[in-house]
Amino acid sequence: MRKATLTLWLTRLAWGLLIFDVLLIFVVPADTHFGSLLLMIAYAAWLILTLVITSVWLMIRYRAFFRTWPGWAVPLITLILSSLVIQGILPVSHPNFSLFFSMLFVVSVCSAGVATAILLWYRDVGLGLIAWGLVILVWMLLFSWRFQGNLIELFFSSLIHPDKPSPLWWWNSLVCVCGWIIPLSVISFLGHTLRLILREWQ
Amino acid sequence: MKAPPQKTEAKLNIFALPSQTTLLFGLIVTVLLGTVFVGSIGPSPICTWPLALGLLFLPLRTFLARPERDFARHNLSPAGDDLADLQQAIETNAKAIGLRRTPRLVVSPSKRPLYTFGTRRHWYIAVNHEAALRLQESLEDPDVAPVAQARLIHELYHFKTGDYWQMGYTRELLRTVFLFMAWAATFFCGFGFLLIVAAPDFLQLDPTKLLEQAGNLTPEVRQMLLQIMPSPGEMEAVRQKAAVINLPLVLNFIVGATLPYVIMGGILWGLYWPKLWRMREFYADAGVVQAQGKATPYLSALTQIPLPLLKKYPYERSLAICQQGKGFLDIVREWWRRIKALLKRHPDAATRITCVKDPSQVIDNWVDAAILAGSLTLLLDILLVSPLTILYAGSWPMHFSTLAILVVVSLNLISPLAQGKSVWSDMLKIIVVVVALRLAWLLLTIGLMILLLVFAPDILSETLVAFVASSAHFAGYSDELIFDNLSAFVVKASILNLAQVLIIFFILMVALVLVAFLLRCLLTWYRFPQVNQRLMKVAYLVIGWVALLLGLTILPLITTALLRLTDLLNLPGIIVGALGLIIAATGLGLFIYAHRKYARRCPRCGTAVPGWYHVGKRCKACNALLHPWLIAEYEL
């Protein structure tokens, strides 16, 4: 009973913090300096920490949704969308919106990992995720090389000119997702295998 | 109308003979896993053993995970207290038929009929909740209780025969092979195309020039990047290595290595998987009637005819179902029904009734056995020329498929021999069909080669180069592969392959005659200790012994003489051949000793029993039934 109350209280707190942070992002002017660098860093750190912690908690709380394929896709779509904005592919002129999408990108990177972990905890799909993830990676590289040109040069170009929109906008999101999928899937595959063997012998 | 009197007849106990379900299971595993394992034991263009281990263990893993997936997919839950009596009935019947554990009853809201699933140590019987309640009620009604009990025993026999795990593993094996090979084809084709598209850009890459374009880099960063990137010398080495790789040949290898498995997996799934399903039902049916000692309750369950009516008129209904016309249209209809039946997972009621009445009908006749062995040959021939195994098949082209056919046909011979039938003509017909199928496939290939040689020698040369290159140790390297004399190659290949077909025909005939003779002798070992448990094991040893003799001595000798005459006197080959001969001689000696000791003597009175064995044979002196364990007795 006490545990249920605590969970409910933490969930309400997380929702409250989330709404508060979003309000802060839109109410406080994004170009404000707060009078000192320390305060500005503290503001940014507050936003990042609270947003990441609350989103992780809420995903764990609502894991029944995130263990499904649509639930897993939501953070990935958010990641791709925010990545498009911060790389300048989707133009956002208002500084508060830019800050919002920057924060969303940070949160999405963590959320993608948490969602993958939740999915793999409940579903034994690690091997499939790695296998088909690699297929998507290879075919995207192939089509990109075929239609966008020399990817090595394009990659260097985007490193040298970070101010220009990169044609390799998909690369960051894909690497981020694969970066989560590959280690987590390996752990999940081994874990589920062990679980199945133990259950068989019980 | 007066019902004919009931009688108790001696029937063939199919459980005492090699299981057809196990045979089919073995066939599918041999085709899919055997070829990959052969590829990993022998020479192969790529390292194949991880693939072999993966294809062995991944299906096992998914097989273990299957029950929880079924639970989730069909919303299954353990049966509650309202079904305690049914669970109790399952336990009682499980003990009665000698199951080592009791399956758990689980209920589902879906309308699926009674079915079984599970792993090696966790067994489940699933049923719709309402149907479970009805079944429980039926078990309490003396009029229909035997029918309900028959349905339960039928499901329990799937565990008794072990077909649940064979089915489960086969399903996962077929699924894994299909998915893995489809994945490998998609991934490696993508990778190959990427290499083709990116290779020119990558090979022309000049890291120094690339960094020069970046004017805004500090000298330190530039130096650091230069250290990370490959040096001009390293790039040149890569260029030289890449220059001799023929990327289209790499793609050819990928497609050649994966596509046959996808297609063969599909054929096995389409034709053999339904046959495995049907076969397991026949065995479960046979189990029910043997366990109940009478066929009527189960026939009632099969035909839905009320048990009292079936008891009163036991034959009419089943005869009506089995009756067939003799007109042309009837024959066409009958063949069409047979073709459709090939794809069905459950046999029709008429066939099941026939098999219940005469269990020997479950065993494949010569046509079915020939189709089974012939298709096995074709599947193996096609899979063994895939790039993964062609190097092995090139060195030892006759081994794998010959031994597989020998084992399959030998196992199929045991049942007719036990029934006292003559197997010589059937055996000859089976081997003729097998060899004819192989010959047809070979003639098709040779004909195509000759056509290309006459009309398009360039295409033939390119095809052969691609074929050889795809199986070369460095898949994709083709700088030294040229066919100077195409016609000589075609003639030599044709002669060697046709010779192999004839050699295999004679080897198989001789080996099978030997096996049939030994098995027929073996069936007269009436005084053999614990004969009901050990005789079939000896039969398997006999088949294994002949296979060993062929595999170690005869086939290597003939293959070496045909393909590498100069290697005929090499020491390892001679040692292995001699070892095979020693084992064969020892085995034969032991067999003759045992035959003299145990054969053709009545186990009860010790009087000589002349002639070969057949089901129902009795000692003329004391009238003792010989090999009673080969007989199943139940009322029809």
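Residues numbered from 1 in each chain as written. Chains lettered and ligands numbered in written order. Predicted model: local features only at pLDDT ≥ 70, side-chain atom pairs only at ≥ 80, totals over all residues. Heavy atoms only, no water.

## Looking at the confidence of the model for chain B
All names here are of chain B.
Okay, so step 1: When pLDDT is averaged along chain B, the result is 84, and 92% of the positions lie at 70 or above.
Okay, so step 2: Throughout residues 1-8 the model reports pLDDT below 50, and contacts reaching past four residues in sequence, or to other chains, amount to 14 contacts.
Okay, so step 3: We note a pTM of 0.85 for the whole complex and an ipTM of 0.85 for its interfaces. (pLDDT = per-residue confidence, 0-100. Contact = heavy atoms within 4.5 Å.)

## A few points about the interface of chain B and chain A
Okay, so step 1: Between chain B and chain A, the contact holds 29 residues from the first and 26 residues from the second.
Okay, so step 2: Of the roughly 2700 Å² buried at the junction of chain B and chain A (both faces included), carbon and sulfur atoms supply 69%.
Okay, so step 3: Sorting the residues of chain B by area buried against chain A places B:Arg61, B:Arg121 and B:Trp183 first, and these three jointly supply 22% of that buried surface.
Okay, so step 4: Linking chain B to chain A there are three salt bridges.
Okay, so step 5: Linking chain B with chain A are 15 residue pairs in polar contact (both at pLDDT 80 or more), by the criterion used here.
Okay, so step 6: For the side of chain B that touches chain A, the secondary structure elements donating two or more residues are α2 (49-73), α6 (163-203) and α7 (207-213) of chain B.
Okay, so step 7: The biggest single contributor to the side of chain B that touches chain A is α6(B), with 12 residues.
Okay, so step 8: Across the side of chain B that touches chain A, the residue classes break down as 18 nonpolar, five polar and six charged. (Buried area = accessible area lost by both parts, 1.4 Å probe. Salt bridge = Lys/Arg side-chain N within 4 Å of Asp/Glu carboxyl O. Polar contact = N/O pair within 3.5 Å; in protein donor to acceptor, adjacent residues only side chain to side chain. Helix = DSSP H or I, 4+ residues; strand = E, 2+ residues; numbered from the N terminus. Nonpolar A, V, L, I, M, F, W, Y, C, P; charged D, E, K, R; others polar.)

## Here we look at the packing of aromatic side chains
Residues and elements named next belong to chain B.
Okay, so step 1: Applying the stated criterion across every chain yields a total of 35 aromatic pairs over all chains.
Okay, so step 2: Between Trp-273 and Trp-277, the aromatic rings sit 6.2 Å apart at their centres with planes inclined by 85°, giving edge-to-face as the arrangement. With a gap of four residues between them, Trp-273 and Trp-277 both fall in helix α10 (residues 247-292), about one helical turn apart. Pair check on accessibility: Trp-273 and Trp-277 agree, each one buried.
Okay, so step 3: What links up through ring pairs into an aromatic cluster is the set Phe-180, Trp-183, Phe-187, Phe-188 and Phe-191.
Okay, so step 4: For the cation-ring pair, Arg-280 lies above Trp-277, with the distance from its terminal atom to the ring centre recorded as 5.1 Å. (Phe/Tyr/Trp six-rings, centres within 6.5 Å; stacked < 30°, edge-to-face > 60°. Buried < 20%, exposed > 50% of the residue type's maximum accessible area, 1.4 Å probe, protein only. Lys NZ or Arg CZ within 6 Å of the ring centre and 35° of its normal.)

## Some words on the pairing of strand β4 (residues 115-118) of chain B
Okay, so step 1: The side-chain alternation of β4(B) yields two buried faces, one formed by B:Tyr115 and B:Phe117 and the other by B:Thr116 and B:Gly118.
Okay, so step 2: If you look at the hairpin formed by β4(B) and strand β5 (residues 123-128) of chain B, you'll find four residues sitting between the two strands. (Pairing = 2+ DSSP bridges.)

## Quick notes on the nonpolar core
Residues and elements named next belong to chain B.
Okay, so step 1: In terms of nonpolar packing, the biggest core is built from 122 residues, with Leu-268 and Trp-525 touching the most fellow members.
Okay, so step 2: Sort the elements by how many residues they give to this core and α10 lands first, with 18 residues.
Okay, so step 3: With sequence-adjacent residues up to four places away left out, Trp-525 is seen in contact with Val-531, Leu-535, Val-538, Phe-591, Ala-594, His-595, Tyr-598, Ala-599 and His-627.
Okay, so step 4: Judged by nonpolar contacts, the second largest core, of 38 residues, contains Leu-114, Ala-132, Ile-153 and Val-288. (Core = buried A, V, L, I, M, F, W, Y, C linked by side-chain atoms within 4.5 Å.)

## Things to note about the pattern of salt bridges
Okay, so step 1: Inspection of every chain in the model, using the stated rule, returns 16 salt bridges over all chains.
Okay, so step 2: For A:Arg199, the salt bridge is made with B:Glu68, and the minimal N-O distance between the two is 2.7 Å. With one member in each of two chains, A:Arg199 in helix α8 (residues 169-201) and B:Glu68 in helix α2 form a pair that bridges those chains.
Okay, so step 3: Classification of A:Arg199 as partly exposed rests on a relative accessible area of 23%.
Okay, so step 4: Residue classification places B:Glu68 among the partly exposed residues on the basis of a relative accessible area of 28%.
Okay, so step 5: With a shortest N-O distance of 3.2 Å, B:Arg280 and B:Asp163 are connected by a salt bridge. One end of the pair, B:Arg280, is in helix α10; the other, B:Asp163, is in helix α6, and 117 residues separate them in sequence. Each member of the pair, B:Arg280 as well as B:Asp163, carries the same accessibility label: buried.
Okay, so step 6: Put simply, B:Arg66, B:Asp70, B:Arg171, B:Glu172 and B:Arg175 are held in one network by salt bridges that share partners.

## Things to note about the sheet that holds strand β2 (residues 77-78) of chain B
Strand pairing in a sheet relies on backbone hydrogen bonds, with the paired strands running either antiparallel or parallel.
All names here are of chain B.
Okay, so step 1: One open sheet accounts for four strands, arranged β2-β3-β5-β4; its pairing is mixed. The sheet is open, and its two borders are formed by β2 and β4, each paired with just one other strand.
Okay, so step 2: Where strand β3 (residues 104-108) lies against β5, five bridges are found, and the strand directions are parallel. Paired with Val-107 across the strands is Val-127, a residue of β5.

## Focus on helix α7 (residues 151-160) of chain A
Okay, so step 1: Of all the positions in α7(A), only A:Leu151, A:Ile152, A:Leu154, A:Phe156, A:Ser158 and A:Ile160 are classed as buried.
Okay, so step 2: Looking at the buried residues of α7(A), the elements they touch are α6 (126-148) of chain A together with α6, α7 and α8 (219-228) of chain B.
Okay, so step 3: By the N-cap criterion, in which a side-chain oxygen at the helix start approaches the backbone nitrogen of a residue two or three places on, α7(A) is capped by A:Asn150, the distance to A:Ile152 being 3.0 Å.

## A short note on unusual backbone geometry
Residues and elements named next belong to chain B.
Okay, so step 1: Positive phi outside glycine occurs at Asn-623, with the angle close to 65°.
Okay, so step 2: Tracing the sequence through the fold places Asn-623 in the loop between α23 (571-598) and β6 (631-635).
Okay, so step 3: We classify Asn-623 as partly exposed; its relative accessible area is 48%.
Okay, so step 4: Not every positive phi belongs to a glycine, and His-627 is a case in point at roughly 45°.
Okay, so step 5: On the secondary structure map, His-627 appears in the loop between α23 and β6.
Okay, so step 6: Accessibility expressed as a relative area gives 3% for His-627, which makes it buried.

## Thoughts on a nonpolar patch on the surface
Residue and element names in this part refer to chain A.
Okay, so step 1: On the surface, Trp-15, Ile-19, Leu-23, Val-27, Tyr-62, Phe-65 and Val-74 cluster together to form a nonpolar patch covering roughly 670 Å² of accessible area.
Okay, so step 2: Here the nonpolar patch takes four residues from helix α1 (residues 2-27), the largest share from any one element.
Okay, so step 3: With respect to the helices and strands, Tyr-62 occurs in the loop between α2 (37-61) and α3 (63-66).
Okay, so step 4: Residue classification places Tyr-62 among the partly exposed positions, given a relative accessible area of 35%. (Patch = residues over 30% accessible without salt bridge, like charges linked within 9 Å, V, L, I, M, F, W, Y side chains within 5 Å. Areas by Shrake-Rupley, 256 points an atom, 1.4 Å probe, with all protein chains shown as cover.)

## Things to note about a positive patch on the surface
Okay, so step 1: Side chains of A:Lys3, A:Arg61, A:Arg63, A:Arg67 and A:Arg123 sit close together on the surface and give a patch of like positive charge.
Okay, so step 2: Here A:Arg63 shows up in helix α3. (Lys, Arg positive; Asp, Glu negative; His and termini not counted. Charge placed at Lys NZ, Arg CZ, Asp CG, Glu CD.)

## A look at the packing of α8(A) against α2(B)
Okay, so step 1: Viewed as axis vectors pointing N to C, α8(A) and α2(B) meet at an angle of 65°, and their least axial separation amounts to 10 Å. Between α8(A) and α2(B), the interaxial angle falls into the category roughly perpendicular. Crossing handedness for the pair α8(A) and α2(B): left-handed. Contact with α8(A), carried on its side by A:Phe189, A:His192, A:Thr193, A:Arg195, A:Leu196, A:Arg199 and A:Glu200, involves B:Leu58, B:Arg61, B:Leu64, B:Ala65 and B:Glu68 of α2(B) and no other residues of that element.
Okay, so step 2: Residues that form the contact of α8(A) with α2(B) fall into these classes: five nonpolar, two polar and five charged. (Axes fitted to C-alpha atoms, helices over the stretch in contact; angles between N-to-C directions. Parallel < 35°, antiparallel > 145°, perpendicular 65-115°, else oblique. Left-handed = near helix turned anticlockwise from the far one by under 90°.)

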